[in-house]
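Residue-level structural notes
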Amino acid sequence: MTNPYLVWRQLCLVVLSVATAVCGLSIANQTNPPACRCMPQDPCWPKDYQWARFNKTVDGNLIATVPIASVCHLDSFTPYDQSQCAQLQSNWGFPETHYESSSSIMAARFTNLSCNPFSSKSSPCTIGNYVQYAVNATDASHVQKTTDFAARHNIRLVIRNTGHDLLGKSTGAGGLAIWMHYMQDISIVDYVSSHYSGKAMEMGAGVQSFEANDVAYNAGLVVVGGNCPTVGLAGGYSQGGGHGQLVSHVGLAADQVLEWEVVLANGKLVTASPTNHPDLYWALSGGGGGTYGVVVSMTSKAYPELPTVSGNLSFSDTGVSRDTFFAAVAMFISILPSIGDSGGATVWWLTNNTLSTSPTTIPGATATLFNSLFSPLIAFLEQSNMRYTYYVDDFPTYYDAYQTMSPPDNITDQLAGGRLIPRSVVEENLADLTTVFRNIVERNPGLLISGVMVNSSRVAYPDNSVNPAWRDALMNIVIGAPFDYTEWESNIAPQQVITDVLMPTLEELTPGSGAYLNEADPNQMDWQQAFYGDNYHNLLAIKRKYDPGHRFYAPTAVGSDAWRVTDNGRLCKSHGY
């Protein structure tokens with residue numbers, strides 16, 4: 001039997017020979033703007049011919065969402081295919097499965113399991129919290145036309161790139177997405193301004209870390225990028241701060257940005273720099289993505305390539321007491337300040353039984369320095385008869401070290417909470433910090449702690465909107481719990497434990513600190529202060545200046561408290577706005 005809904009979806013992209021009158025008034029002309037964004041079931045939702053006409057204005061780049069997991073369901077958009085479903089299930093954990101899709105995201109919790117490849121084939125496959133449509137934007141005009149269409153028809157607008165997203169900003173029920181993935185222009189330039197003169201990289205919003213690394217390497221340069229090579233650089237990564245293995249050496253990703261090219265809510269394309277729209281430049285440089293405008297490109301500093309040392313260490317509790325294992329954990333943490341002071345960074349993981357780094361990297365240093373930093377811990381492990389593995393190597397370039405030591409990560413589909421840990425806590429209260437870590441992993445089976453150690457204030461940094469807590473932090477900590485794809489309700493309790501029990505213990509130990517807005521608890525109660533610090537009120541004023549109609553919305557983004565999401569995913573104005 002033909003699926004009538006699938007037929008309707010196909011008709012949405014067919015140009016019909018009907019009148020071209022636009023249904024509804026422009027948002028700007030309405031004296032009483034609607035309280036909620038339109039949804040597909042509403043009379044205000046655009047008609048088929050309007051979608052078809054809009055598709056022509058964006059050069060045929062409008063994509064009606066068909067969830068990629070639809071092949072795993074009988075009553076679906078596409079025919080059920082057992083072999084294709086099995087292949088999708090086996091590839092679900094790889095980022096490319098999702099960043100090559102116009103609708104799929106990596107944090108499945110924000111899909112509300114709308115179309116899940118791991119549920120039974122007889123369970124429904126719906127669009128649900130996936131965006132309804134996406135425009136494959138390949139130039140700024142596509143962004144401008146999509147922003148205008150969404151405004152005229154009161155549709156929720158979503159800005160998405162790779163789908164690397166722990167807080168649900170790249171999807172939304174009834175949404176029209178601007179998909180930035182194929183804005184791939186990239187070049188090395190000699191940048192000259194009153195603030196900086198030197199090598200820089202111009203990159204479109206869709207450029208990913210591995211692509212920027214390749215171009216930089218071929219020019220004998222390095223650029224700040226993510227620990228995960230598939231992260232998009234100009235989006236929420238750099239706009240939210242952006243950590244990585246070069247941060248102690250040259251600063252956060254946001255600290256590198258020389259200018260942003262951005263489409264505003266009114267459709268105007270502007271360049272934001274320290275001398276042109278300086279307030280917008282300040283806000284975009286650390287104040288979070290998806291809320292002030294749509295960044296279509298950025299220009300960031302590039303630095304000369306350099307020899308780099310990188311290595312891994314892991315040890316376990318096999319054959320030793322719990323106290324001995326956590327004494328080793330404490331010793332590892334005590335080494336981190338010295339690594340940061342040397343210009344290095346460490347990515348590490350702690351479970352109830354194992355600690356591992358993946359990796360520790362020090363640009364410009366050698367294995368001699370690396371070994372001297374880790375030698376006290378190695379000696380302790382050997383004296384305690386602890387099982388461990390240790391590897392370190394000198395690489396001719398940072399690129400070689402990154403390619404060897406930082407393979408692609410799996411998707412970020414865990415339940416999470418995050419906190420920035422000040423250096424002072426490590427240096428003055430290490431015993432209590434270790435006890436908190438120990439309690440988290442011992443009392444909560446299956447949970448892990450991941451850490452990224454960087455020293456973002458080791459070098460001079462510009463005046464930007466990066467959360468001030470970053471400047472005092474030694475590391476970003478994320479508590480992760482496994483996500484259950486088969487039983488949605490089973491995810492509720494673990495997240496509540498993270499939010500209500502575990503995060504408060506870290507917050508009590510780190511008063512006045514905050515959280516990295518890209519890797520945090522989406523249920524953080526005081527998110528305005530935790531994610532943005534004392535910058536929030538200035539950021540909100542800038543948001544209102546450049547987006548007075550609140551066209552841009554993303555969960556926990558600046559100004560997002562003007563809206564609420566109802567039980568069916570509808571985006572509505574909050575009471576009082």
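What you are looking at is a predicted structure, and each value in this text was computed from that prediction instead of being measured.

This paragraph deals with the nonpolar core. Counting 70 residues, the largest nonpolar core has Phe 315, Ile 333, Trp 348, Leu 350 and Met 475 as the members making the most contacts within it. For this core, the domains that each give at least three residues are domain 1 (50–179) and domain 3 (308–533). The residues touching Ile 333, leaving out its near neighbours within four places in the chain, are Val 426, Leu 430, Leu 433, Thr 434, Phe 437 and Met 475. Within the second largest apolar cluster, 62 residues are counted, among which are Ala 212, Val 250, Tyr 292 and Ala 530.

It is worth spelling out unusual backbone geometry at this point. Cis peptide bonds are those with omega within 30 degrees of zero, and the linkage from Ser 358 to Pro 359 qualifies with 0°. Summarising the element assignment, Pro 359 is placed in strand β14 (residues 354–363). Positioned with a positive phi, Asn 154 is a non-glycine residue whose angle comes to about 55°. Following the sequence through the fold, Asn 154 ends up in the loop between α5 (140–152) and β3 (156–160). By relative accessible area, Asn 154 is classed as buried at 5%. Positive phi is not limited to glycine here, since Asn 385 has a value of about 55°. Within the fold, Asn 385 resides in the loop between α12 (367–383) and β15 (388–395). What makes Asn 385 exposed here is its relative accessible area of 65%.

As a further point, take the state of the cysteines. Within the structure shown, the criterion is met by 4 disulfides. Between the sulfur atoms of Cys 72 and its disulfide partner Cys 85 the distance amounts to 2.1 Å. Linking Cys 72 and Cys 85, the disulfide has an S-S dihedral of approximately 110° and is accordingly described as right-handed. One end of the pair, Cys 72, is in the loop between β1 (62–64) and α3 (82–91); the other, Cys 85, is in helix α3, with 13 residues separating them in the sequence. A sulfur-sulfur distance of 2.1 Å marks the disulfide that ties Cys 115 to Cys 125. Note on the Cys 115 and Cys 125 pair: the S-S dihedral is about -95°, so by sign convention the disulfide is left-handed. Of this pair, Cys 115 sits in the loop between α4 (95–99) and β2 (133–136) while Cys 125 sits in the loop between α4 and β2, and the two are 10 residues apart along the sequence.

Looking now at the UniProt feature "domain: FAD-binding PCMH-type" (unreviewed entry) in the protein. The sites that UniProt annotates as "domain: FAD-binding PCMH-type" (unreviewed entry) are residues 126–305. Across residues 126–305, helical content stands at 25% and strand content at 29%; the span's end C-alpha atoms are separated by 48 Å.

Moving on to helix α11 (residues 322–341). Under the 1.5 Å per step criterion, the end-to-end length of α11 is 30 Å for 20 residues, consistent within 8% with the ideal 28 Å. Where α11 is concerned, the buried positions are Phe 325, Phe 326, Ala 328, Val 329, Ala 330, Phe 332, Ile 333, Ile 335, Leu 336, Pro 337, Ile 339 and Gly 340. Residue Gly 343 follows α11 closely and has a positive phi angle near 90°.

Our focus in this paragraph is the pattern of salt bridges. Applying the stated criterion across every chain yields a total of 12 salt bridges. With a shortest N-O distance of 2.9 Å, Arg 152 and Asp 148 are connected by a salt bridge. Placement of both Arg 152 and Asp 148 in helix α5 is noted, with a separation of 4 residues, approximately one turn of the helix. By relative accessible area, which is 27% here, Arg 152 ends up partly exposed. Residue Asp 148 is classed as partly exposed on the basis of its relative accessible area of 39%. The partner of Arg 322 in a salt bridge is Asp 317, and the shortest N-O contact between them spans 2.6 Å. Within the structure, one salt-bridge network assembled from shared partners comprises Asp 317, Arg 322, Asp 323, Arg 438 and Glu 442.

Cut-offs applied
- Residues numbered from 1 in each chain as written.
- Predicted model: local features only at pLDDT ≥ 70, side-chain atom pairs only at ≥ 80, totals over all residues.
- Heavy atoms only, no water.
- Core = buried A, V, L, I, M, F, W, Y, C linked by side-chain atoms within 4.5 Å.
- Buried < 20%, exposed > 50% of the residue type's maximum accessible area, 1.4 Å probe, protein only.
- Domains from an automatic or database assignment.
- Contact = heavy atoms within 4.5 Å.
- Helix = DSSP H or I, 4+ residues; strand = E, 2+ residues; numbered from the N terminus.
- Disulfide = S-S within 2.5 Å.
- UniProt positions renumbered as here; feature names shortened; annotations may be inferred.
- Expected span 1.5 Å × (residues − 1).
- Salt bridge = Lys/Arg side-chain N within 4 Å of Asp/Glu carboxyl O.

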